[in-house]
Amino acid sequence: MKTSPKLLWALHGPNLNLLGTREPEVYGSTRLEQIDADLAQLCADHGHRFESFQSNHEGELVDRVQQARDCEVAFIVLNPAAFTHTSVALRDALAAVAIPFIEVHLSNIHRREPFRHRSYFADLAVGIVAGLGPIGYRLAMQAAIETLRAPDGAPEAAGARRTRKG
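Everything numeric in this text was worked out from a predicted model, so none of it was measured. (Residues numbered from 1 in each chain as written. Predicted model: local features only at pLDDT ≥ 70, side-chain atom pairs only at ≥ 80, totals over all residues. Heavy atoms only, no water.)

Draft legend 1. Up close: the nonpolar core. Of all hydrophobic cores here, the largest spans 25 residues; its most connected members are Leu8, Leu39, Phe75, Ile102, Tyr137 and Met141. Going through the elements one at a time, β1 (7-12), α2 (32-45), β3 (73-79), β4 (101-105) and α5 (135-149) are the ones with two or more residues in this core. With six residues, α5 is the single largest residue contributor to this core. Those residues in contact with Leu39 that lie beyond four places of it in its chain are Ala10, Phe50, Tyr137, Arg138 and Met141. (Core = buried A, V, L, I, M, F, W, Y, C linked by side-chain atoms within 4.5 Å. Buried < 20%, exposed > 50% of the residue type's maximum accessible area, 1.4 Å probe, protein only. Helix = DSSP H or I, 4+ residues; strand = E, 2+ residues; numbered from the N terminus. Contact = heavy atoms within 4.5 Å.)

Draft legend 2. Geometry of the pattern of salt bridges. One pass over the structure, following the stated rule, counts three salt bridges. Of the charged contacts, one joins Glu33 and Arg31 as a salt bridge, the two residues approaching to 3.6 Å between their closest N and O atoms. By relative accessible area, Arg31 is classed as partly exposed at 43%. The closest approach of N and O atoms between Arg64 and Glu51, which form a salt bridge, is 3.1 Å. Here Arg64, found in helix α3 (residues 58-68), pairs with Glu51, found in strand β2 (residues 49-54); they are 13 residues apart in sequence, far enough to count as distant. Residue classification places Glu51 among the partly exposed positions, given a relative accessible area of 32%. (Salt bridge = Lys/Arg side-chain N within 4 Å of Asp/Glu carboxyl O.)

Draft legend 3. Inspection of the packing of α3 against helix α4 (residues 88-97) at higher detail. Axis separation between α3 and α4 bottoms out at 9 Å; the angle between their running directions is 0 degrees. With respect to each other, α3 and α4 are oriented roughly parallel. The segment α3 lies against α4, with Glu58, Leu61, Val62, Val65 and Gln66 engaging Ala89, Leu90, Ala93, Leu94 and Val97. Grouping the constituent residues of the contact of α3 with α4 by class yields eight nonpolar, one polar and one charged. (Axes fitted to C-alpha atoms, helices over the stretch in contact; angles between N-to-C directions. Parallel < 35°, antiparallel > 145°, perpendicular 65-115°, else oblique. Nonpolar A, V, L, I, M, F, W, Y, C, P; charged D, E, K, R; others polar.)

Draft legend 4. Spatial organisation of α3. For α3, every residue scored as buried is listed here: Leu61, Val62, Arg64, Val65 and Ala68. Angularly, the buried residues of α3 cover 160 degrees about the axis, an arc narrow enough to put them on a single face. Structurally, α3 contributes buried residues whose contacts are with β1, β2, β3 and α4. (Arc of directions from axis to C-beta.)

Draft legend 5. Summary view of the sheet that holds β1. Strand order in the open sheet formed by five strands is β2-β1-β3-β4-β5, with parallel pairing between adjacent strands. Sheet topology places β2 and β5 (127-130) at the edges, where each strand pairs with a single neighbour. Neighbour-to-neighbour, the strand axes of this sheet turn through a mean angle of 20 degrees, independent of strand direction. Bridge count for β1 against β3 is six bridges, and the pairing is parallel. Looking across to β3, one finds that Leu8 is bridged to Phe75. (Pairing = 2+ DSSP bridges.)

Draft legend 6. Focus on unusual backbone geometry. With a phi close to 75 degrees, Asn15 is a non-glycine residue in the positive phi region. Summarising the element assignment, Asn15 is placed in the loop between β1 and α1 (24-27). Owing to a relative accessible area of 33%, Asn15 belongs among the partly exposed residues under this scheme. Its identity is not glycine, yet Glu72 carries a phi of approximately 60 degrees, on the positive side. With respect to the helices, strands and loops of the structure, Glu72 is situated in the loop between α3 and β3.

Structure representation (structure tokens):
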């Protein structure tokens, strides 16, 4: 079933602008620009529009999320980076707009320091991809596209949900 073109976003949190040079043993050598280019191509290949935004500032990410509903964003792929473990404000913005999103992490946050094991977004997210490097973004966007294609708008993965609490 073909869907009408939708707008999909990738939102990137703090320090992700340094990908490719920042701790490559943890985050790899792929630059953020390449990740975004790959996502843009994937979306275009499926007839959708793509926009990305990166900020090191929590308030800018909150503002961007709040704009999502007015921009008619259908799905968000989000790497909140360090805000994963600290940002109630970003969590509240995502809950308020109620746009489905998938949380992405390049590294496996559960194999890292204990403070990184807790995500403020996990219970709101449609799903989480962690520890697969840049391909995790691609897998998340592919899941978003397939979710939008599904007749009921829900991924076919068992246990997936779209309801939000917050």
